[in-house]
Amino acid sequence: MEAGSPRLGAAPRPWAQVLFSCLYALVLALGAAGNALSARVVLKARAGRAGRLRLHVLSLALAALLLLLVGVPVELFHFVWAHDPWVLGDLGCRGYHLVRELGASASVLGLAGLSAERCLAVCQPLRARRLLTPRRSRRLLSLVWAASLGLSLPMAAFVGQRPEPEPASRVCAVLVSRASFQVYVQVNALVSFVLPLALTAFLNGVTVSHLMALYTQVPSPSAPSSSIPSRLELLSEESLLSFMVWKEALRGQAGLVRHKDASQIHRLQHSIRVLRAIVAVYVVCWLPYHACRLMYCYISDAGWSDTLHDFYHYFYMVSSALFYVSPAVTPLLYNAMSPSFRKLFLEDLRSLCGKHHP
């Protein structure tokens, strides 16, 4: 529940409490386990097996764990069941909002950085082989986290535990003026949601268009099969390397016969669906959350009728649940992105299950 929103301490109905408790418990269990296992796979993998993709996966997994492990318990306890008073103190109030904003910004900005690297690798393979080094990927991710921290610090300064003489009246609330908070929410929605996802969608569109144009140059069946990559896994490091070699080989061939075999079409369609699904998940899960924040900012205290308050109350609960669903499903996206990662993920999962069930 947005800090400082008017009259939002009223408890939801019992059926809503039970429903959202079950949903949050499922999201926390699956998301924490999946992202922790993803981080474990990345840390255990040899550098040559996962390539630079492992740095991005590790960054996204850490951002997701921040959101889930800090945000979900507080959300469930304070905003679904206990409500007022706020029991975590001023530092807990500021820290909760800081960590939530940090994890959200790092997730979206990290996704944009990953899409930029994949777009460069597909559209400019020779330049990508020179520029996309693990060192530069680490610098990019350091910049992503530094920018995310810069976007999150104002939130920690704007909120806090409102001083009240009675402990039972203490709340975690916005302490600055409504105008100042409106500016922050608008800038935050633009910089950490609209622009990064628009950039990600644009880069993915360029990547898909480039692949579709290149696919029309696929040689005839008589061409050596070794010259064609076995699979166009757009986000897989090892397949991108073979893709670069294949693309340069195609440029030297003349009079290519256009041939669209069913398996190649299926593989390309799979890659396109993965790229579109990544953006769709973030839009569906985070658009209601940002809309809810903007709604709070632009409705004056006098404008909160009982009906509007009830709508906002449940709209907030739904949008917050969706907000935490996105980091919970990111391990599924990792598995869809790279067959090598999927293989390592399943191997590690079987290994862990085998230890507990001999």
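## Remarks on the overall build of the protein
Item 1. When its secondary structure is counted, the protein shows 11 helices and two strands.
Item 2. In sequence order, the protein lays out its α and β elements as α-α-α-α-α-α-β-β-α-α-α-α-α.
Item 3. A fraction of 82% describes how many contacts in the protein between residues 6 or more apart in sequence connect residues 24 or more apart.
Item 4. A total accessible area of about 16,500 Å² is found for the protein, and carbon and sulfur atoms account for 67% of it.

## Observations regarding the packing of aromatic side chains
Both the distance between ring centres and the angle between the ring planes are used here to describe each pair of aromatic rings.
Item 1. Under the criterion given, the structure shown has 12 aromatic pairs.
Item 2. For the pair W304 and Y312, a centre-to-centre distance of 5.0 Å together with 80° between the ring planes defines the contact as edge-to-face. Taken individually, W304 and Y312 each receive the classification buried, so the pair is uniform in this respect.
Item 3. An aromatic cluster of three or more residues is present, and its members are Y24, Y282, W286, Y289, F323 and Y324.
Item 4. Sitting above the plane of the F323 ring, R100 keeps its charged end 5.9 Å from the centroid.
Item 5. The lysine or arginine in question, R178, covers the ring of Y296, its NZ or CZ lying 5.6 Å from the ring centre.

## Focus: the state of the cysteines
Item 1. Applying the stated rule across the entire model yields one disulfide.
Item 2. Residue pairing for C93: its cysteine sulfur links by disulfide to C172, the two sulfurs lying 1.8 Å apart. Across the S-S bond of C93 and C172 the torsion is about 70°, and the bridge reads as right-handed. A residue pair is termed long-range when its members are at least 10 positions apart, and C93 in helix α4 (residues 89–123) and C172 in strand β2 (residues 172–174) qualify at 79 residues.

## Description of the nonpolar core
Most often, soluble globular proteins have nonpolar side chains that are buried together.
Item 1. With 45 residues, the main nonpolar core has Y24, W86, F181, W286, Y296, F323 and Y324 as its most contacted residues.
Item 2. Breaking this core down by element, the ones donating at least two residues are α1 (14–44), α3 (53–82), α4, α6 (134–158), β2, α7 (178–215), α9 (262–298) and α10 (306–337).
Item 3. Counting residues per element, this core draws most heavily on α9, at nine residues.
Item 4. What Y24 contacts, discounting residues up to four positions off in sequence, is V72, E75, L76, V80, M317, S320, A321 and Y324.
Item 5. With seven residues, the next largest nonpolar core counts A39, V42, L53 and L114 among its residues.

## A closer look at the environment of S115
Item 1. Mapped onto the fold, S115 is located in helix α4.
Item 2. Residues S115 and L199, spaced 84 residues apart in sequence, show a C-alpha to C-alpha distance of 8.6 Å.
Item 3. Setting aside its immediate chain neighbours within four residues, S115 contacts T200, L203 and N204.

## Considerations on α3
Item 1. Relative to the 44 Å expected for 30 residues at 1.5 Å per residue, α3 spans 41 Å between its end C-alpha atoms, a close match to the ideal helical length.
Item 2. Largest kink in α3: about 30°, centred on G71, with the proline P73 one to four residues after it.

## Overview of the environment of L98
Item 1. Mapped onto the elements, L98 comes out in helix α4.
Item 2. Taking the C-alpha atoms as reference points, L98 and A156, separated by 58 residues in sequence, lie 5.3 Å from one another.

## Things to note about the packing of α1 against α3
Item 1. The N-to-C vectors of α1 and α3 enclose an angle of 160°; their axes lie 9 Å apart at closest approach. As judged from the angle between their axes, α1 and α3 are roughly antiparallel. Along this stretch, α1 crosses α3, giving a crossing that reads as left-handed.
Item 2. Here the contact of α1 with α3 is built from residues that sort into 21 nonpolar, four polar and two charged.

## Considering the pattern of salt bridges
Item 1. Per the stated rule, a full pass over the model turns up three salt bridges.
Item 2. A salt bridge links R100 to E75; the shortest N-O distance between them is 3.4 Å. With R100 in helix α4 and E75 in helix α3, the pair connects residues that are 25 residues apart, well separated along the chain.
Item 3. On the accessibility criterion, R100 (2% relative accessible area) is buried.
Item 4. Here E101 ties to R293 by a salt bridge, and the two come within 2.7 Å at their closest N and O atoms. Here E101 is found in helix α4, whereas its partner R293 is found in helix α9, with 192 residues between them in sequence.

## Quick look at the layout of surface pockets
Item 1. Approximately 210 Å³ is the volume found for the second largest pocket.
Item 2. Lining the second largest pocket are 10 residues, with L30, A33, G34, P331 and F345 positioned closest to its centre.
Item 3. Mapped onto the lining of the second largest pocket, the elements with two or more residues apiece are α1, α10 and α11 (339–356).
Item 4. Here the lining of the second largest pocket is built from residues that sort into eight nonpolar, two polar and no charged.

What counts as what
Residues numbered from 1 in each chain as written. Predicted model: local features only at pLDDT ≥ 70, side-chain atom pairs only at ≥ 80, totals over all residues. Heavy atoms only, no water. Helix = DSSP H or I, 4+ residues; strand = E, 2+ residues; numbered from the N terminus. Contact = heavy atoms within 4.5 Å. Areas by Shrake-Rupley, 256 points an atom, 1.4 Å probe, with all protein chains shown as cover. Phe/Tyr/Trp six-rings, centres within 6.5 Å; stacked < 30°, edge-to-face > 60°. Buried < 20%, exposed > 50% of the residue type's maximum accessible area, 1.4 Å probe, protein only. Lys NZ or Arg CZ within 6 Å of the ring centre and 35° of its normal. Disulfide = S-S within 2.5 Å. Core = buried A, V, L, I, M, F, W, Y, C linked by side-chain atoms within 4.5 Å. Expected span 1.5 Å × (residues − 1). Bend = angle between axes of the 7 residues up to and from the residue. Axes fitted to C-alpha atoms, helices over the stretch in contact; angles between N-to-C directions. Parallel < 35°, antiparallel > 145°, perpendicular 65-115°, else oblique. Left-handed = near helix turned anticlockwise from the far one by under 90°. Nonpolar A, V, L, I, M, F, W, Y, C, P; charged D, E, K, R; others polar. Salt bridge = Lys/Arg side-chain N within 4 Å of Asp/Glu carboxyl O. 1 Å grid on protein atoms, 1.4 Å probe; cavity = no way out; pocket = protein on both sides within 12 Å on 5 of 7 lines; lining within 4 Å. Points joined across faces, edges and corners; volume = space filled by probe spheres on them.

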